[in-house]
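Residues per chain, in single letters:
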Amino acid sequence: FAKPTHPASPSIQDELIVDMYPSTDEYDDEDLIETGLRMKDGSNAKFYSAVKPRVVLKHFQWMETYGITGVFHMRFMSGLDNAKARDWKTMVLRNVRDAAETTGRAFAVSYNIAGNLDNSVLDDLKADWIRLVDEERITSSNSYIRQDGKPVLRIYGIGFKAVNVDDADAMWNLIHWFQNTAEERYRVFLIGGVPSQWRERTGDSREESG
């Protein structure tokens, strides 16, 4: 569930297969969501959501305890054109920023362009980054990861055979914008999330040259 807010129906209880259920005993009770699903012992299963600030803070406190320096926050482009979904995802990103600042951890944004998307997602990604920089001031945080004086940004899904985004020229233009032609405040140290066999252009990689 992306956001479990309604009790589960009996049919879901019968059909749902759970590979792993996380321990929730360290979360505050008011941050847990009742699902209507029953555990084997008869107790009610509860889920947590990253929309709750204390949930994300708990994750960063664990990172601090176990010496994990920072995270890439995955920002899925799928659904980001919907204002309600975008607001929800941005709320989670704010929680990440606040928790990183509170615990002395680091964070950066990682876009994911996989899913049922087309090449227009590249323009949407650029517009979203501008919004994050100008409205959320995300790169102004002292906890945002920087390299060579620039904020780090990752784009996952470049060149994958299974990803619908296949306009190499548009991708090159976006990369060039991020690195060279954008206004200074939007420029980044860019990391590409690419297929494991991108050099040979076989396997999970697209075959055409970029």
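Residues numbered from 1 in each chain as written. Predicted model: local features only at pLDDT ≥ 70, side-chain atom pairs only at ≥ 80, totals over all residues. Heavy atoms only, no water.

### Notes on the overall build of the protein chain
Part 1 of the reasoning: Counting secondary structure elements, the protein chain contains five helices and seven strands.
Part 2 of the reasoning: Ordering the α and β elements of the protein chain from the N terminus gives α-β-β-α-β-α-β-α-β-β-α-β.
Part 3 of the reasoning: Taking the principal axes of the C-alpha coordinates as reference, the protein chain spans close to 55 × 40 × 35 Å.
Part 4 of the reasoning: Looking at the protein chain as a whole, 37% of its 210 residues are labelled buried.
Part 5 of the reasoning: In the protein chain, 66% of the contacts between residues at least 6 apart in sequence involve partners at least 24 apart.
Part 6 of the reasoning: As displayed, the protein chain has an accessible area near 12,500 Å², and 49% of this comes from carbon and sulfur atoms.
Part 7 of the reasoning: Measuring between centres, the 26 positive side-chain charges of the protein chain sit 3 Å from its 33 negative side-chain charges. (Helix = DSSP H or I, 4+ residues; strand = E, 2+ residues; numbered from the N terminus. Buried < 20%, exposed > 50% of the residue type's maximum accessible area, 1.4 Å probe, protein only. Contact = heavy atoms within 4.5 Å. Areas by Shrake-Rupley, 256 points an atom, 1.4 Å probe, with all protein chains shown as cover. Lys, Arg positive; Asp, Glu negative; His and termini not counted. Charge placed at Lys NZ, Arg CZ, Asp CG, Glu CD.)

### So, the packing of helix α2 (residues 53-65) against helix α3 (residues 83-103)
The description of two packed helices rests on the angle between their axes and on the distance between the axes.
Part 1 of the reasoning: The N-to-C vectors of α2 and α3 enclose an angle of 40 degrees; their axes lie 9 Å apart at closest approach. Between α2 and α3, the interaxial angle falls into the category oblique. Judged by the twist between their axes, the crossing of α2 over α3 is right-handed. Contacts between α2 and α3 involve Pro-53, Val-56, Leu-57, Phe-60, Gln-61 and Glu-64 from the first element and Asn-95, Val-96, Ala-99, Ala-100, Thr-102 and Thr-103 from the second. (Axes fitted to C-alpha atoms, helices over the stretch in contact; angles between N-to-C directions. Parallel < 35°, antiparallel > 145°, perpendicular 65-115°, else oblique. Left-handed = near helix turned anticlockwise from the far one by under 90°.)

### Considerations on a negative patch on the surface
Part 1 of the reasoning: A cluster of acidic residues, Asp-81, Asp-118, Asp-123 and Asp-124, forms a negative patch on the protein surface.
Part 2 of the reasoning: Relative to the elements of secondary structure, Asp-123 occurs in helix α4 (residues 121-134).
Part 3 of the reasoning: Given the relative accessible area of 57%, Asp-123 is considered exposed. (Patch = residues over 30% accessible without salt bridge, like charges linked within 9 Å, V, L, I, M, F, W, Y side chains within 5 Å. Salt bridge = Lys/Arg side-chain N within 4 Å of Asp/Glu carboxyl O.)

### Quick notes on the nonpolar core
Part 1 of the reasoning: Counting 37 residues, the largest nonpolar core has Ile-113, Trp-129, Leu-153 and Phe-178 as its most contacted members.
Part 2 of the reasoning: At the level of secondary structure, the elements contributing two or more residues to this core comprise α2, α3, β4 (106-112), α4, β6 (150-156) and α5 (168-181).
Part 3 of the reasoning: At six residues, α4 tops the list of elements feeding residues into this core.
Part 4 of the reasoning: Other than its neighbours up to four places away in sequence, Ile-113 contacts Met-77, Val-121, Leu-125, Ile-155, Tyr-156, Gly-157, Ile-158, Val-163, Val-165 and Met-171. (Core = buried A, V, L, I, M, F, W, Y, C linked by side-chain atoms within 4.5 Å.)

### Description of α4
Given 3.6 residues per helical turn, the α-helix brings residues three or four places apart onto the same face.
Part 1 of the reasoning: When the terminal C-alpha atoms of α4 are compared, their 20 Å separation across 14 residues agrees well with the 20 Å that a helix rising 1.5 Å per residue should span.
Part 2 of the reasoning: Looking at α4, one finds that the buried residues are Val-121, Leu-122, Leu-125, Asp-128, Trp-129, Leu-132 and Val-133. Across the axial projection of α4, the buried residues extend over an arc of 135 degrees, all falling on one side.
Part 3 of the reasoning: In this fold, the buried residues of α4 make contact with β3 (70-76), α3, β4, β6 and α5. (Expected span 1.5 Å × (residues − 1). Arc of directions from axis to C-beta.)

### Notes on unusual backbone geometry
Part 1 of the reasoning: Positioned with a positive phi, Arg-137 is a non-glycine residue whose angle comes to about 55 degrees.
Part 2 of the reasoning: Along the chain, Arg-137 falls in the loop between α4 and β5 (146-147).
Part 3 of the reasoning: In this structure, Asp-148 takes a positive phi of about 55 degrees despite not being glycine.
Part 4 of the reasoning: Given the relative accessible area of 63%, Asp-148 is considered exposed.

### Side note on the layout of surface pockets
Part 1 of the reasoning: Considered as a void within the structure, the second largest pocket measures approximately 300 Å³ in volume.
Part 2 of the reasoning: For the second largest pocket, the lining is made up of 16 residues, of which Ala-50, Val-56, His-73, Val-92 and Val-96 are closest to its centre.
Part 3 of the reasoning: Of all elements in the fold, only α2, β3 and α3 reach the threshold of two or more residues within the lining of the second largest pocket.
Part 4 of the reasoning: For the lining of the second largest pocket, the element with the highest residue contribution is β3, accounting for six residues. (1 Å grid on protein atoms, 1.4 Å probe; cavity = no way out; pocket = protein on both sides within 12 Å on 5 of 7 lines; lining within 4 Å. Points joined across faces, edges and corners; volume = space filled by probe spheres on them.)

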